[in-house]
Amino acid sequence: MNTLTTAGSSNVRVRRIEPLPSPSALVAELPCNASLTEHIQRSREEVRAVLNGLDDRLLVVVGPCSIHDTEAGLEYANLLAGAASQHREDLLIVMRAYFEKPRTTIGWKGLINDPHLDGTHDIGAGLRAARGFLHNVGELGLPVGTEFLEPISPQYVADLVSWGAIGARTTESQIHRQLASGLSMPVGFKNGTDGGLSVALDACSAAGSPQAFLGVDDDGSAALVSTSGNPDTHLILRGGSDGPNYSETHVAAASARLAASGLNERLIVDASHANSGKDHRRQAEVARELATTVEHSDAIAGVMLESFLVEGAQKLDVAASGELVYGQSVTDACMGWGVTASVLGDLARGSRRRRGVVDRDRSELSL
Ligand SMILES: O=C[C@H](O)[C@H](O)COP(=O)(O)O
Ligand SMILES: C=C(OP(=O)(O)O)C(=O)O
């Protein structure tokens, strides 16, 4: 149903306006039951404790650049749940499940915006698919992290999310800082695409403060939203057009700036994006370097990795209905599962050494 009014000077360039289900209607279809609620609350607390240094594990946010096929995403989630359990003493693993993609210019904007990958933009189905996916991954006992891009979509899915990110292209946006101030989970801000840290530091301060802004309520009606501020904001280093920023020197300098600004000096390092030049092979090398840095850097609370079942990326042409390779990214290139499993092992070893736990591999070797 098109509810567009074109009278006079309004909506001159709008083609259609179609109603969507309200957040409360979608939540009622797929409610967050008591055990899921308990899991989400507990995992948010765990993420918070790691970020604040109260839990000495390393947070690892790992998963596809974007979820475009929920079946392949769930197969990946099952593998990751196994790794999360294997490394639970050393790593707090959160699955990266991104449904909204910020684009440099144009391109597929993610499962919520275009779930059929064909330019039909069935956002109602996209919201339902994203919520269903989060529900299924939550049932596996795996916490999920996502990027929040649209200011309205969190009302449909945020109750199932344990960690949130604001991307490099929106960290400077007041709308996204306001949104983060009201989100119920810890939220990381990426540094700017130019590599600048100031925008992310400003974002952490703004999102940590109470805000009042325009939003929607659970019934989808326009509403004034007043927030208390998010005390769990933090920085994510993702490199920039001025080069990577994952080295120990970069991390120490960023941490010192955070401390000087009265912000959490512990941060997350993204091994992908401008820290790897979007090259999945380079990403694995960066991640292994980070595993070594972690051993003697308390500033690194977490690491982000882009990983899927099959390595690399494939081109998505929304106009052509070509076959897609199952389990391979349609946005940025990802590490394949085999390399990911080995990188997780290295990160677990780095975390274990930082925690001062005797490394069995090493002590056995020295016997
Ligand atoms: O992580 C994803 C991409 O890096 C980001 O969405 C920008 O992608 P683009 O430059 O291909 O549009
Ligand atoms: C878009 C992303 O990253 P960035 O904002 O750092 O480009 C992402 O993590 O998917």
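Up top is the structure.
These lines cover the structure that appears in this document, whether it is placed above or below.

Cut-off values and rules
- Residues numbered from 1 in each chain as written.
- Chains lettered and ligands numbered in written order.
- Predicted model: local features only at pLDDT ≥ 70, side-chain atom pairs only at ≥ 80, totals over all residues.
- Heavy atoms only, no water.
- Helix = DSSP H or I, 4+ residues; strand = E, 2+ residues; numbered from the N terminus.
- Expected span 1.5 Å × (residues − 1).
- Contact = heavy atoms within 4.5 Å.
- Polar contact = N/O pair within 3.5 Å; in protein donor to acceptor, adjacent residues only side chain to side chain.
- 1 Å grid on protein atoms, 1.4 Å probe; cavity = no way out; pocket = protein on both sides within 12 Å on 5 of 7 lines; lining within 4 Å.
- Points joined across faces, edges and corners; volume = space filled by probe spheres on them.
- Phe/Tyr/Trp six-rings, centres within 6.5 Å; stacked < 30°, edge-to-face > 60°.
- Buried < 20%, exposed > 50% of the residue type's maximum accessible area, 1.4 Å probe, protein only.

## Topic: helix H9 (residues 280-296)
Part 1 of the reasoning: Between the first and last C-alpha of H9 there are 25 Å, a value that for 17 residues agrees with the 24 Å anticipated at 1.5 Å per step.
Part 2 of the reasoning: In the core, the buried residues of H9 are packed alongside strand E1 (58-63), helix H8 (248-260), strand E9 (267-270), strand E10 (300-306), strand E11 (310-313) and helix H10 (337-354).
Part 3 of the reasoning: In this structure Asp279 caps H9, since a side-chain oxygen of it lies 2.8 Å from the backbone nitrogen of Arg281.

## Some points on empty space enclosed by the protein
Part 1 of the reasoning: Under the counting rule described, the total for this entry stands at one cavity of 30 Å³ or more.
Part 2 of the reasoning: Empty space within the largest cavity amounts to approximately 40 Å³.
Part 3 of the reasoning: Lining the largest cavity are Phe99, Glu100, Ile112, Thr146, Glu147, Phe148, Ser153 and Val157.

## Side note on the packing of aromatic side chains
Part 1 of the reasoning: For the coordinates displayed, the defined rule picks out three aromatic pairs.
Part 2 of the reasoning: Seen from their ring centres, Tyr76 and Phe308 are 6.2 Å apart, and the 70° between their planes marks the pair as edge-to-face. One end of the pair, Tyr76, is in helix H3 (residues 70-86); the other, Phe308, is in the loop between E10 and E11, and 232 residues separate them in sequence. Like Phe308, Tyr76 is buried.
Part 3 of the reasoning: With a centroid separation of 6.0 Å and 80° between ring planes, the pair formed by Phe99 and Phe133 is classed as edge-to-face. You can see Phe99 sitting in the loop between strand E2 (91-96) and helix H4 (123-139) and its partner Phe133 sitting in helix H4, a full 34 residues away along the chain. Across this residue pair, the class does not change: Phe99 and Phe133 are buried.
Part 4 of the reasoning: Ring pairs connect the aromatic residues Tyr76, Phe308 and Trp337, which therefore count as one cluster.

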